[in-house]
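Reading the structure
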Amino acid sequence: MEQIKHSHVQVKGLKLHVAEIGSGPKVVLLLHGFPEIWYTWRHQMLALADAGYRAIAFDSRGYGESEQPQNPEKSTFLDLVDDIISLIDTLGINRVFLVGTDFGALPAYLVTLFHPERVRGIVTLGIPFMLPGPDTVQSHLLPEGFYVSRWQVPGRAEADFGRLDIKTVVKNIYILFSKSEIPTAAPDQEIMDLVEPSTSLPPWFSEEDLAVYASLYEKSGFSFPLQMPYRSMNKDCGVTDPKITAPALLIMGEKDYVLKIPGIEDYIRSGQVKHFVPDLDITFLEEGSHFSAEQLPNQVNKLIIGFLNKHSA
């Protein structure tokens, strides 16, 4: 990990914390989700550099060591698109491969839609093609206690999380999101109540890993991460007939709870997703959870690097 270099880059009036390793013209930009951070990509960054790629991961605006935006309640996914383009412009990079996990998949697809000339290919993990808008998640088909619905209510998650220290909140979310069932609370529960204090971390996520995450969320807090993605995902992005022309790879875990969200599994397995992403390969990892990049790094690295090599000519 000591080979990874860290810097702060001025982007759209904000300083973003950027981690990178490797060199050369083949650049991979890695986009994290929640409750993730640049460190989510630690396994991939080292493997990508060894394979001859320049790997760059950054803390999204309002996360970790990146600065908080003013008027965070006004932020949308289009701000993340602008951040990505401004970042690669500032770093003097013309074209990149984009790799996004969890909500990091949405700005990856938006950049590919709005700036196709800047994208060589796109890989997403845990989330198929979708765009921000009123129908992004069919929350009305799920119980009131669905975690996304709960976290979209201003103040509710803040009160729930505020009962615990930051390290415990991150631990609980990692435990919940590693399961194959959708985190859903009963009417008399909050989301944090779904995890017994004695529950162990997933075996692939160490106490040292947790400490890194906690230290970064202690810097940023949870206010902006709750705004982005949860309270921003219903804001329409203005795209009416999306079509991704870049080559794409979707990696899903068979045990990812996202497959239980109404409509998602059929959307992927039936091939409907290819209406929007015609040049799409789909791979399911038999034991994969929502955090496949951290859980099964060797398998994921092989898939990503194979895809990059295929489309690097």
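Now for a look at the structure at hand. (Residues numbered from 1 in each chain as written. Predicted model: local features only at pLDDT ≥ 70, side-chain atom pairs only at ≥ 80, totals over all residues. Heavy atoms only, no water.)

1. Some points on the overall build of the protein chain
Selection rule: Working definition: helices are DSSP H or I runs of at least four residues, strands are E runs of at least two. Numbering for both runs from the N terminus. Note on exposure labels: buried denotes an accessible area under 20% of the residue type's maximum, exposed denotes more than 50%, and partly exposed covers the range between, all computed with a 1.4 Å probe on protein chains only. Any two residues having at least one pair of non-hydrogen atoms within 4.5 Å are treated as being in contact. All accessibility values rest on the Shrake-Rupley procedure with a 1.4 Å probe; residue burial counts only the protein chains present in the view. Counting rule applied: Lys, Arg positive; Asp, Glu negative; His and chain ends not counted. Think of each charge as sitting on NZ of Lys, CZ of Arg, CG of Asp or CD of Glu.
For the protein chain, the count of helices and strands is 11 helices and 8 strands. Judged by the C-alpha coordinates and their principal axes, the protein chain covers about 55 × 45 × 40 Å. Looking at the protein chain as a whole, 58% of its 313 residues qualify as buried. Taking the contacts inside the protein chain whose residues are at least 6 apart along the sequence as the reference set, 77% of them involve residues at least 24 apart. When the accessible area of the protein chain is evaluated, it comes to approximately 12500 Å², of which 51% is carbon and sulfur surface. The average position of the 27 basic charges and that of the 39 acidic charges among the side chains of the protein chain differ by 5 Å.

2. Overview of empty space enclosed by the protein
To be explicit about the condition: Definitions used for this entry: grid spacing 1 Å over protein atoms alone; cavity, a set of points where a 1.4 Å probe fits but cannot get out; pocket, an open set with protein on both sides within 12 Å along at least 5 of 7 lines; lining residue, one with an atom within 4 Å of a point. Grid points are joined across faces, edges and corners, and a volume is the space filled by probe spheres set on the points. In this classification, the charged set is Asp, Glu, Lys and Arg, the nonpolar set is Ala, Val, Leu, Ile, Met, Phe, Trp, Tyr, Cys and Pro, and all remaining amino acids, among them Gly, are polar.
The tally for this structure, following the rule as stated, stands at 2 cavities of 30 Å³ or more. In this structure, the largest cavity is lined by 18 residues; those nearest its centre are Asp102, Ile127, Val137, Tyr147 and Met233. Looking at the lining of the largest cavity, the elements that each hand over two or more residues are helix H4 (147-151) and helix H8 (223-230). Along the lines of polarity and charge, the residues of the lining of the largest cavity split into 15 nonpolar, 2 polar and 1 charged. Contributing to the lining of the second largest cavity are Leu30, Leu31, His32, Phe58, Ser60, Arg61, Leu80, Asp83, Ile84, Phe103, Gly104 and Pro107. Of all elements in the fold, only strand S3 (27-31) and helix H2 (77-90) reach the threshold of two or more residues within the lining of the second largest cavity. Among the elements that take part in the lining of the second largest cavity, H2 stands out by supplying 3 residues, more than any other.

3. Describing the packing of H2 against helix H3 (residues 105-114)
So the rule is basically this: A fitted line through C-alpha atoms represents every axis, and for helices the fit uses only the stretch in contact; the resulting angles, taken between N-to-C directions, go from 0 to 180 degrees. Should an angle lie under 35 degrees it is considered roughly parallel, over 145 roughly antiparallel, and from 65 to 115 roughly perpendicular; all remaining angles are considered oblique. What makes a crossing left-handed is the near helix being turned counterclockwise from the far one by less than a right angle; a clockwise turn instead makes it right-handed.
Where H2 contacts H3, the two axes come as close as 9 Å, and the packing angle between them is 70 degrees. Between H2 and H3, the interaxial angle falls into the category roughly perpendicular. Crossing angle aside, the handedness with which H2 passes H3 is right-handed. From H2, Phe77, Leu78, Leu80, Val81, Ile84 and Ile85 reach across to H3, where they touch Leu106, Pro107, Leu110, Val111 and Phe114.

4. Section: the packing of helix H6 (residues 166-177) against helix H7 (residues 207-220)
Packed helix pairs are specified by the crossing angle of their axes together with the interaxial distance, meaning the distance between the axes. Relative to each other, H6 and H7 sit at 120 degrees, their axes nearing to 9 Å. In this view, H6 runs oblique relative to H7, as classed from their interaxial angle. Between H6 and H7 the crossing geometry is right-handed. Across the interface between the two elements, Ile166, Lys167, Val170, Lys171 and Tyr174 from H6 touch Glu207, Leu210, Tyr213, Ala214, Tyr217 and Glu218 from H7. Looking at the contact of H6 with H7 residue by residue, the classes come out as 7 nonpolar, no polar and 4 charged.

5. Description of the pairing of S3
Formally: In this description, strands pair whenever DSSP reports at least two bridges between them.
Counting buried residues in S3 gives 5 out of 5 residues, a clear majority hidden from the surface. Pairing analysis gives 4 bridges linking S3 to strand S4 (residues 54-58), with the strands arranged parallel. If you follow valine 28 over to S4, its bridge partner there is alanine 55. Summarising the sheet, S3 and strand S5 (residues 96-101) pair through 4 bridges and their orientation is parallel. Bridging from a neighbouring strand, leucine 29 pairs with leucine 98 of S5.

6. Quick word on the nonpolar core
Convention followed: Take the buried residues of types Ala, Val, Leu, Ile, Met, Phe, Trp, Tyr and Cys, join any two whose side-chain atoms come within 4.5 Å, and each joined set is a nonpolar core.
With 114 residues, the main nonpolar core has Met45, Tyr147 and Trp151 as its most contacted residues. Look past the residues within four positions of tyrosine 147 in its chain and what remains in contact with it is Phe177, Ile182, Pro183, Ile191, Tyr230 and Tyr257.

7. Digging into helix H1 (residues 42-50)
Residues of H1 that are buried: Arg42, Gln44, Met45, Ala47 and Leu48. At the exit of H1 stands glycine 52, carrying a positive phi of roughly 95 degrees.

8. Topic: the pattern of salt bridges
Note the following rule: Salt bridges are identified by distance alone: a Lys or Arg side-chain nitrogen within 4 Å of an Asp or Glu carboxyl oxygen.
Scanning the entire structure with this criterion turns up 17 salt bridges. Glutamate 190 is paired through a salt bridge with arginine 150; the nearest N and O atoms lie 3.6 Å apart. Remark: arginine 150 occurs in helix H4 and glutamate 190 occurs in the loop between H6 and H7; sequence separation between them is 40 residues. For lysine 260, the salt bridge goes to glutamate 181, with nearest N and O atoms at 2.8 Å. Placement of lysine 260 in the loop between strand S7 (248-253) and helix H9 (264-269) and of glutamate 181 in the loop between H6 and H7 is noted, with a sequence separation of 79 residues between them. Take lysine 260: its relative accessible area is 42%, and that puts it in the partly exposed class. The network of salt bridges with common partners includes Glu144, Arg150, Arg156 and Glu190.

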